[in-house]
Amino acid sequence: MQVDFSKSPDGLVPAIIQDAITNKVLMLGYMNQEALDKTLAEGKVTFFSRSKNRLWTKGEESGNFLQLKHAAIDCDADTLLLKVHPEGPTCHTGADTCWNEVNKDAASFLGNLEQVIRDRKQNPTDKSYTASLFAKGINKVAQKVGEEAVELVIEAKDNNDHLFINEAADLLFHYLILLQAKGFTLEDVVNILKDRHK
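An unreviewed UniProt entry annotates the protein chain as Histidine biosynthesis bifunctional protein HisIE of Chitinophaga niabensis. Its UniProt record gives the protein chain a comment under Subcellular location (unreviewed entry), which states: "Cytoplasm".

Undergrad: I'd love a proper account of the domain arrangement of the protein chain, names of residues and values included.
TA: Under the domain assignment, the protein chain is made up of domain 1 (13-86) and domain 2 (106-197). Here the C-alpha centroids of domain 1 and domain 2 sit 34 Å apart.

Undergrad: Can you break down the pattern of salt bridges residue by residue, with the values?
TA: Tallying each qualifying case throughout the model produces seven salt bridges. The partner of Glu42 in a salt bridge is Lys38, and the shortest N-O contact between them spans 3.1 Å. Note that Glu42 and Lys38 are positioned in helix H1 (residues 33-42) at a spacing of four residues, about one turn of the helix. Under the relative-accessibility criterion, Lys38 is labelled partly exposed at 27%. The closest approach of N and O atoms between Glu147 and Lys144, which form a salt bridge, is 3.6 Å. With Glu147 and Lys144 both in helix H4 (residues 138-156) and three residues apart, this pair spans about one turn of that helix. Among the charged side chains, a salt-bridge network with shared partners connects Lys144, Glu147 and Glu148.

Undergrad: Please set out the nonpolar core residue by residue, giving values where relevant.
TA: In terms of nonpolar packing, the biggest core is built from 17 residues, with Ile17, Met31, Val45 and Leu82 touching the most fellow members. Going through the elements one at a time, strand S1 (13-19), strand S2 (25-31), H1, strand S5 (66-73) and strand S6 (80-86) are the ones with two or more residues in this core. The next biggest cluster of nonpolar side chains, apart from the first, holds 14 residues, and it includes Leu113, Val141, Ile177 and Leu178.

Undergrad: Mind laying out the layout of surface pockets, listing which residues take part and the relevant values?
TA: Considered as a void within the structure, the largest pocket measures approximately 390 Å³ in volume. Taken together, 21 residues make up the lining of the largest pocket; nearest its centre are Met27, Phe47, Ser49, Trp56 and Lys58. The set of elements that each furnish at least two residues to the lining of the largest pocket consists of S2 and strand S3 (46-49). With four residues, the single largest contributor to the lining of the largest pocket is S2. Across the lining of the largest pocket, the residue classes tally to eight nonpolar, eight polar and five charged. What the second largest pocket holds in volume is close to 150 Å³. Lining the second largest pocket, in full, are Ala20, Ile21, Asn23, His85, Ser108, Gly111, Asn112 and Gln115. The element that contributes the greatest number of residues to the lining of the second largest pocket is helix H2 (residues 106-122), accounting for four residues. When its residues are assigned to classes, the lining of the second largest pocket shows two nonpolar, six polar and no charged.

Scoring rules and cut-offs
- Residues numbered from 1 in each chain as written.
- Predicted model: local features only at pLDDT ≥ 70, side-chain atom pairs only at ≥ 80, totals over all residues.
- Heavy atoms only, no water.
- UniProt positions renumbered as here; feature names shortened; annotations may be inferred.
- Domains from an automatic or database assignment.
- Salt bridge = Lys/Arg side-chain N within 4 Å of Asp/Glu carboxyl O.
- Helix = DSSP H or I, 4+ residues; strand = E, 2+ residues; numbered from the N terminus.
- Buried < 20%, exposed > 50% of the residue type's maximum accessible area, 1.4 Å probe, protein only.
- Core = buried A, V, L, I, M, F, W, Y, C linked by side-chain atoms within 4.5 Å.
- 1 Å grid on protein atoms, 1.4 Å probe; cavity = no way out; pocket = protein on both sides within 12 Å on 5 of 7 lines; lining within 4 Å.
- Points joined across faces, edges and corners; volume = space filled by probe spheres on them.
- Nonpolar A, V, L, I, M, F, W, Y, C, P; charged D, E, K, R; others polar.

In structure tokens:
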């Protein structure tokens, strides 16, 4: 990445840290070339600390490292966006983010799960249950969705919340596989719901 560090008199550029799954903004730090090089080489986010006047790897004291998943630069080449998997809370106060927000988003996780399912379809392996379903064809995938739906209905009539919620997870998982098998995504379904909601 060709970052223009010369735009700032101290040679630092802002680095926005975002959770790779939830898309929640976790914090803002600053990097010089050395911090960026170290981050890209080691896969753990390292900043230039203005208060300590040195390189500082997030988590070096707390153990709450930021594992780098993707790095991008903005259109002016003077701001970084780093998508990460945080190991624990990001803020030094113990909060998930430096804005004291909770870093949870179920919908974003579903998007990530869809990517995993898509990858199993495009790059099948013998050890993958999902890939084996795709290999058996659309009829088997549809049958599994039907089976899971029936199991969910049965558990809904009982009082075992643990079994009910696990069957709900099984149904949702197989539903996502069926959507992929038919060439659709959850976003396509959401768009239909949005249109109906108008």
